[in-house]
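Analysis of the macromolecular model
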Amino acid sequence: MQQRTIGPFAVSAIGLGAMPVSMNNDNVFPERADAIATIHAALDAGITYIDTADIYAPSWDQMGHNERIVRDALASWHGDASGILVGTKGGITRTAEKDFGRDGSLAYLRSAVERSMENLGVEVIDFYQYHRPDRWMVYGEVMQNLKTLQDEGLVRAIGISNASVEEIAIARQVLGEGNLASVQNQFSPRYPSSYGELTSCEEHGIAFLPWSPLGGTGGGARDVGDRFGVFREIGDAHDVSPQQVVLAWELSLSPVVIPIPGARRAASIIDSARAADLELSTDELARCSAAVGLEL
Ligand SMILES: NC(=O)c1ccc[n+]([C@@H]2O[C@H](COP(=O)([O-])OP(=O)(O)OC[C@H]3O[C@@H](n4cnc5c(N)ncnc54)[C@H](OP(=O)(O)O)[C@@H]3O)[C@@H](O)[C@H]2O)c1
């Protein structure tokens, strides 16, 4: 599969979003063995980036659920897993009192990194992303906390998620030029509004990872070809799914884009992986952009 880069790592142009096997808007979960089989199918299809997070779990008291599935999938895969990059995230808390709080403090992030290491079965986290801004803290101070964890050797590459153009600039400044590996923001036909962050990433050679790139679980991804008919029309012309067209269009927007489609079923990620080889004409790409309201 064509390769792109996240910081110092070369990865497949399409990654796997592992979240839906542990957390999704349908509240329907695969058996553990089936979840692992889906990850194996992604790896067999040439995917070398898996996206997870400590909070991806069916309930607050199962934090690390998704990370542990990813660890077990890598350990049981028949291939050589040493070239697979796993990116996890921290900074969102889940407790009985408050599901989905935020904490960007150094003490919390350090403890979150240590728990993720245990869940993933690693001694260093290769790629760590700050999940969502803690609005009670100054963003630059949180970036300094991440840099401290990097300086201590606990994490290698650092990314941020759900960040504005201004937060990207702050992260670059605090982490040091060339040390912000990625930005992971929501981006899809139904949510093209983070295009400004995408272009900021391109300008500075930072990977941009669209999350929910197809429109999300709970129907958004499944129905993308109904909601945006142009993706189905172009898919029909190429004999491929509308989802493949969406991902190929996202890849065409910039060489820094690495979509991370989620999947519970192996068939979904096998189909999505093929988007990296789908060639669309300039006219088809322009029709996709126009259909979602992006004037390029
Ligand atoms: N940073 C953040 O704040 C944040 C927030 C949300 C998500 N994320 C990340 O983004 C990843 C992807 O987001 P997402 O899972 O919410 O949304 P998504 O990728 O837009 O949609 C996932 C759904 O799409 C279906 N699907 C995938 N490929 C398909 C294909 N080729 N044909 C038909 N259906 C297909 C899957 O169906 P099946 O389940 O039936 O296989 C799955 O339910 C997550 O796994 C997570 O890693 C990050």
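Above this note sits the structure.
Notes on the structure follow. (Residues numbered from 1 in each chain as written. Predicted model: local features only at pLDDT ≥ 70, side-chain atom pairs only at ≥ 80, totals over all residues.)

Observations concerning helix α3 (residues 106–120)
Formally: The secondary structure listing takes helices from DSSP runs of H or I that are at least 4 residues long and strands from runs of E that are at least 2 residues long, numbered from the N terminus. To estimate how far a helix should extend, the number of its residues minus one is multiplied by 1.5 Å. What counts as a contact here is a pair of residues whose C-beta atoms, placed from the backbone, lie within 7 Å.
The terminal C-alpha atoms of α3, which comprises 15 residues, lie 21 Å apart, in line with the 21 Å expected from a rise of 1.5 Å per residue. Elements that come into contact with the buried residues of α3 comprise α2 (65–76), β5 (85–90), β8 (125–130), α4 (139–151) and β9 (155–161). Phi turns positive, to about 70°, at G121, one or two residues after α3.

Thoughts on the pairing of strand β7 (residues 99–102)
Put simply, the test is: Pairs of strands are assigned from DSSP output, requiring at least two bridges between the strands.
Sheet topology places strand β6 (residues 92–94) next to β7; 3 bridges connect them, and they run antiparallel. Bridge assignment links I92 to a residue of β7, and that residue is R102. Counting the residues in the hairpin turn of β6 and β7 gives 4 residues.

What about the site of the ligand?
How we decide: We call a residue near a molecule or strand when the C-beta position, derived from backbone atoms, sits within 6 Å of it. Polar here means any residue outside two lists: the nonpolar Ala, Val, Leu, Ile, Met, Phe, Trp, Tyr, Cys and Pro, and the charged Asp, Glu, Lys and Arg; Gly therefore counts as polar.
Near the ligand, the surroundings consist of 29 residues, among which G17, M19, A221, G262 and S268 are the closest. With 3 residues, the single largest contributor to the shell around the ligand is helix α10 (residues 266–273). Taken together, the residues of the shell around the ligand sort by class into 10 nonpolar, 14 polar and 5 charged.

Remarks on the environment of M19
Along the polypeptide, M19 turns up in the loop between β3 (16–17) and α1 (32–44). M19 sits 48 residues away from E67 along the chain, and the two C-alpha atoms are 9.3 Å apart. Discounting residues that sit within four places of it in the chain, M19 has contacts with Y56, N66 and G262.

Quick notes on the nonpolar core
Keep this limit in mind: Only buried residues count toward a nonpolar core: Ala, Val, Leu, Ile, Met, Phe, Trp, Tyr and Cys, linked into one set through C-beta atoms within 7 Å. Our exposure labels follow a C-beta count within 10 Å of each residue's own C-beta, placed from the backbone: buried means 20 or more other C-beta atoms, exposed means 12 or fewer, and partly exposed covers the counts in between.
Counting residues in hydrophobic clusters, the biggest one holds 87 residues, and the most contacted among them are I6 and I39. For this core, the leading source of residues is helix α9 (residues 242–253), giving 7 residues. Excluding residues that lie within four positions of it along the chain, I39 makes contacts with L16, A18, I50, V70 and A73.

Quick word on the packing of α1 against α2
Basically, it comes down to this: In this analysis an axis means a line fitted to C-alpha atoms, helices contributing only their contacting stretch, and an angle means the value between N-to-C directions, from 0 to 180 degrees. Crossing handedness follows the turn of the near helix against the far one: under a right angle anticlockwise gives a left-handed crossing, and clockwise gives a right-handed one.
The N-to-C vectors of α1 and α2 enclose an angle of 60°; their axes lie 9 Å apart at closest approach. Helix-helix and strand crossings are classified by hand; for α1 and α2 the assignment is right-handed. For the pair α1 and α2, the contacting residues are R32, A35, I36, I39 and H40 in the first and I69, V70, D72, A73 and S76 in the second. Looking at the contact of α1 with α2 residue by residue, the class counts come to 6 nonpolar, 2 polar and 2 charged.

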